[in-house]
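Chains, contacts and geometry: an overview
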Amino acid sequence: MATVKYDNATRLYPGNDKPSVDALDIDIADGEFLVLVGPSGCGKSTSLRMLAGLEEVNGGRILIDDKDVTDLSPKDRDVAMVFQNYALYPHMSVADNMGFALKIAGIDKGEIRRRVEEAAKILDLEPYLERKPKALSGGQRQRVAMGRAIVREPKVFLMDEPLSNLDAKLRVQTRTQIASLQRRLGITTVYVTHDQVEAMTMGDRVAVLKDGILQQCDSPRRMYDHPNNVFVAGFIGSPAMNLFEVPVAEGGVKFGNGVHPVDRSVLGSTGNRITLGVRPEDLEVSGEDGLPINIDVVEELGADAYVYGSVAGTDPGDRPIIARVDGRRPPMKGDVIHVKPKADHVHLFDVETGLRLGD
Amino acid sequence: MIKIINALLAIGGGVLGAMLLFWVLNKLVEMLPRKWEARVKPYVFIGPALFAITVFLLYPAFQTVVASFANDDTTAWVGLRNYTSLLASREFQTTLINTLMWTLIVPVVTVALGLLVATLADRLTPGGEKVSKTLIFMPMAISMVGASAIWGFIYAVRPAAENQIGILNAVVTATGADPVNWLQMSNVKINTFLLMIVFIWTQVGYAMVLLSAAIKGVPEDTIEAGRIDGANERQIFSRIIVPQVWPTLITVFVTVLIGTMKTADIVYVMTNGNFSTNIVGAAFFVEMFKNMDNGRASAIVVMLMLAIIPVMVYQVKQFRAQEANR
């Protein structure tokens, strides 16, 4: 039961001239599930480790429950962490692994046993309590790591890509379990992942980082509908948003052989080109107007189909254009279709700064 | 020069000879029918090694046991007399007590120091770690006789009127005291402890290298997990690092233990077994090559062998358990 506050927290590794985490500012509410997401090297794990006390803070502060913990060692912060490789103690049984923190804290044996068994029950680990970690499967180890955090009843849970070593099916299952467990326990959680689907499905709020700088921190819905800049727009959503650099035209921006209407005030002071973003599901197949696309690949997923293609008459760039089409009547590979964005579903960004234009 | 050429010839000839032997045997086996080939092949390959072990290890060991029940030139049976006279002699009793002290103290101190040095070196800068580890490992490259000579100078004593060449006595006389004859201080076995230091000095480097590698193999995240679980540095060391390097620790301990039991040269060189410092290895050497008493020498070795066997059994068991845990 605690709030967490990153107050301009900065981490600069010795020998680097650019901070790995640069003036991070996030307020996390009591009981909130916050996901830190970003590409590798963006500073998300470093941010988490700063909160854990495993990483020095070179500037700013970190507060847990309004108490400045910036210079406290990990053991004095009352946080529990689930590591990417689980970091189970190989020489201890499952029960000892889960009870280690309590043992260190000097809690009596009966109480430790009771709490370990309770956690084991929640996590379906009861038959394995006396086993060593190496005699467990990947999924079971992951649950032991969770159990080790749960028995502590800490102020904050920290999770560093806890699902990345599981196979795809188990990952989806465990994702839901962790989210519902967190909701039931109501313990403030900071969760790091590089997988934006995990971020979107698990978090109350999602914080996107890039190069150590916070790009946006919002609810998944808001993040999806209203990305603050080009990076967030391209990062959140799967398949990714289509981003076109288009010239400004009379009454809007030029899109293929038509003009997509944009309010003059939105374009404001920008130059004569802007970046236009449209999600694959917001591209409509139109008759003859719009952008002509050569279809290279059709992905049929049953209910939907995605077509991957390039603008007709141009080189297929490294980034294909993706559009969602009716799964029952998909076009064929090699066809040319015309697409245009649905009216209220475009995102406009400044070409230079990458920042969102208008609302 | 001739010696070097001889050595090279011996090495080359040995390797080539072994290869030729296996090649010929393999060819012979391959001439057998398929079914027999598979059955015979394993024995053909372990055969030469088994033969060598039998001839050069098992047979001599058996001969030694036999000789321990015979007289000094192995011409007549004497029953258990070699054993009873040895065990009854005051001098040999001291030797046994000394050996026991060596085996109880040396491996423990060596492993403890090795662990300490490995842990501390791990915290130095990479450059500092390299230099300090090299220095500490260096005595390992010195022969026991060489090490004894070096420490002989450290413990050296001169009459009070002369300049002291031993560093210990130089320090002692600098304070105004009389020089001490260190290696003759049999009171509370100080001289035996001084001899042990020589052996420990040569072995700590070995313990350090293996333990340091093991400590570096402890996953960093288990240590971090320990920190988050609330353990302080001491608890992390004793409850997370040491248990994870335990198998290596046991291996080093047993290796040093066996080495300690077999030691002869340090005592032989530094005190020649006098002043109640004798140990079993040195006593054997003296009986065998000075007193030319095959019977007593064999009896000493048999006793030593009996003492080492349980240690070996323990080590093999540990090793198996460790393998099973992989």
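Residues numbered from 1 in each chain as written. Chains lettered and ligands numbered in written order. Predicted model: local features only at pLDDT ≥ 70, side-chain atom pairs only at ≥ 80, totals over all residues.

On to the overall build of chain A. Along the backbone of chain A there are 9 helices and 21 strands. C-alpha atoms of chain A, sized along the principal axes, occupy 75 × 45 × 35 Å. Considering only contacts within chain A whose residues lie at least 6 apart along the sequence, 66% involve residues at least 24 apart. (Helix = DSSP H or I, 4+ residues; strand = E, 2+ residues; numbered from the N terminus. Contact = placed C-beta atoms within 7 Å.)

Scanning chain B from N- to C-terminus turns up 13 helices and 0 strands. When the elements of chain B are put in sequence order from the N terminus, they spell out α-α-α-α-α-α-α-α-α-α-α-α-α. For 326 residues, the compact-globule formula gives about 20 Å, and the C-alpha radius of gyration of chain B, at 25 Å, lies well above that figure. With the C-alpha coordinates aligned to their principal axes, the bounding extent of chain B is approximately 85 × 70 × 45 Å. When burial is assessed residue by residue, chain B has 27% of its 326 residues classed as buried. A separation threshold of at least 6 residues defines the contact pool for chain B, and within that pool the share at least 24 residues apart is 65%. (Rg over C-alpha atoms; globule rule 2.2 N^0.38 Å. Buried ≥ 20, exposed ≤ 12 C-beta atoms within 10 Å, placed from the backbone.)

This part takes up the sheet that holds strand β14 (residues 273–278) of chain A. All names here are of chain A. With antiparallel pairing, the 6 strands of this open sheet are ordered in space as β13-β12-β11-β14-β20-β21. The sheet is open, and its two borders are formed by β13 (258–261) and β21 (356–357), each paired with just one other strand. Pairing analysis gives 5 bridges linking β14 to strand β20 (residues 346–350), with the strands arranged antiparallel. Bridge pairing in β20 places Gly-277 opposite His-347. (Pairing = 2+ DSSP bridges.)

What follows deals with helix α4 (residues 138–150) of chain A. Residue and element names in this part refer to chain A. Between its terminal C-alpha atoms α4 stretches 18 Å, which fits the 18 Å expected from 13 residues at 1.5 Å a residue. Counting buried positions along α4 yields 10 of 13 residues, so the element is predominantly enclosed. When α4 is considered as a whole, its buried residues turn out to be Arg-141, Gln-142, Arg-143, Val-144, Ala-145, Met-146, Gly-147, Arg-148, Ala-149 and Ile-150. (Expected span 1.5 Å × (residues − 1).)

Our next topic: the domain arrangement of chain A. Much of the literature gives interface size as the accessible area that the parts lose upon coming together. Residues and elements named next belong to chain A. Each domain of chain A was delimited in the assignment, giving domain 1 (4–235) and domain 2 (242–357). Taken together, the 7 residues of domain 1 in the interface contact 8 residues of domain 2. Here the side of domain 1 that touches domain 2 is built from residues that sort into 4 nonpolar, 3 polar and no charged. (Domains from an automatic or database assignment. Nonpolar A, V, L, I, M, F, W, Y, C, P; charged D, E, K, R; others polar.)

So, on to the nonpolar core. With 100 residues, the main nonpolar core has A:Val35, A:Leu36, A:Leu51, A:Met81, A:Leu158, A:Val190 and A:Ala207 as its most contacted residues. Here the element with the most residues in this core is helix α2 (residues 94–104) of chain A; it accounts for 6 residues. Contacts of A:Met81, omitting those with residues within four sequence positions, involve A:Ala52, A:Ala149, A:Leu158, A:Asp160, B:Ala225 and B:Ile228. (Core = buried A, V, L, I, M, F, W, Y, C linked by C-beta atoms within 7 Å.)

Our next topic: the domain arrangement of chain B. Partitioning chain B into domains gives domain 1 (2–67) and domain 2 (84–325). Here domain 1 of chain B and domain 2 of chain B have C-alpha centroids that lie 36 Å from each other.

All names here are of chain A. With respect to topology, 6 strands assemble into an open sheet ordered β6-β7-β8-β3-β9-β10, the strand pairing being mixed. Unpaired on one side and paired on the other, β6 (79–82) and β10 (213–218) mark the two borders of the sheet. Averaged over all neighbouring strand pairs, the angle between strand axes comes to 20°, with direction disregarded. Looking at chain direction, β6 and strand β7 (residues 156–160) are connected through 4 bridges and run parallel. When the sheet's bridge partners are listed, Val-82 is paired in β7 with Met-159. (Axes fitted to C-alpha atoms, helices over the stretch in contact; angles between N-to-C directions.)

Below, the discussion takes up the packing of helix α8 (residues 190–216) of chain B against helix α10 (residues 233–262) of chain B. Residues and elements named next belong to chain B. Between α8 and α10, whose axes approach to 10 Å, the crossing angle comes to 155°. Considering their axes alone, α8 and α10 lie roughly antiparallel with respect to each other. Along this stretch, α8 crosses α10, giving a crossing that reads as right-handed. Between α8 and α10, the contacting residues are Phe-199, Gln-203, Ala-207, Leu-210, Leu-211, Ala-214 and Ile-215 on the first element and Ile-241, Val-245, Thr-248, Leu-249, Val-252, Val-256, Gly-259 and Thr-260 on the second. (Parallel < 35°, antiparallel > 145°, perpendicular 65-115°, else oblique. Left-handed = near helix turned anticlockwise from the far one by under 90°.)

Counting residues at the interface gives 17 residues for chain A, matched by 15 residues for chain B. Mapped by element, the contributors of at least two residues to the side of chain A that touches chain B are β6 and α2 of chain A. Looking at the side of chain A that touches chain B residue by residue, the classes come out as 14 nonpolar, 2 polar and 1 charged.

What follows covers unusual backbone geometry. With the exception of glycine, the majority of residues adopt a negative phi angle, and the majority of peptide bonds are in the trans configuration. Residue and element names in this part refer to chain A. Here Ser-238 and Pro-239 are connected by a cis peptide whose omega angle stands at -5°. By the secondary structure assignment, Pro-239 is in the loop between α8 (230–235) and β11 (242–249). A positive phi angle, near 50°, is found at Asp-211, a position not held by glycine. Examined against the element boundaries, Asp-211 turns out to sit in the loop between β9 (205–210) and β10. On the basis of neighbour count, Asp-211 is assigned to the partly exposed category, with 16 C-beta atoms found within 10 Å.

All right, on to the environment of A:Thr176 then. Topologically, A:Thr176 is positioned in helix α5 (residues 168–185). The class of A:Thr176 is exposed, set by 11 C-beta atoms lying within 10 Å.

Moving on to the pairing of strand β3 (residues 33–37) of chain A. All names here are of chain A. By the criterion of burial, β3 is predominantly enclosed, with 5 of the 5 residues buried. Burial along β3 is two-sided: Phe-33, Val-35 and Val-37 facing one way and Leu-34 and Leu-36 facing the other are all buried. Note: β3 against strand β8 (residues 188–193), 5 bridges, orientation parallel. When the bridges of β8 are listed, Leu-34 appears paired with Val-190.

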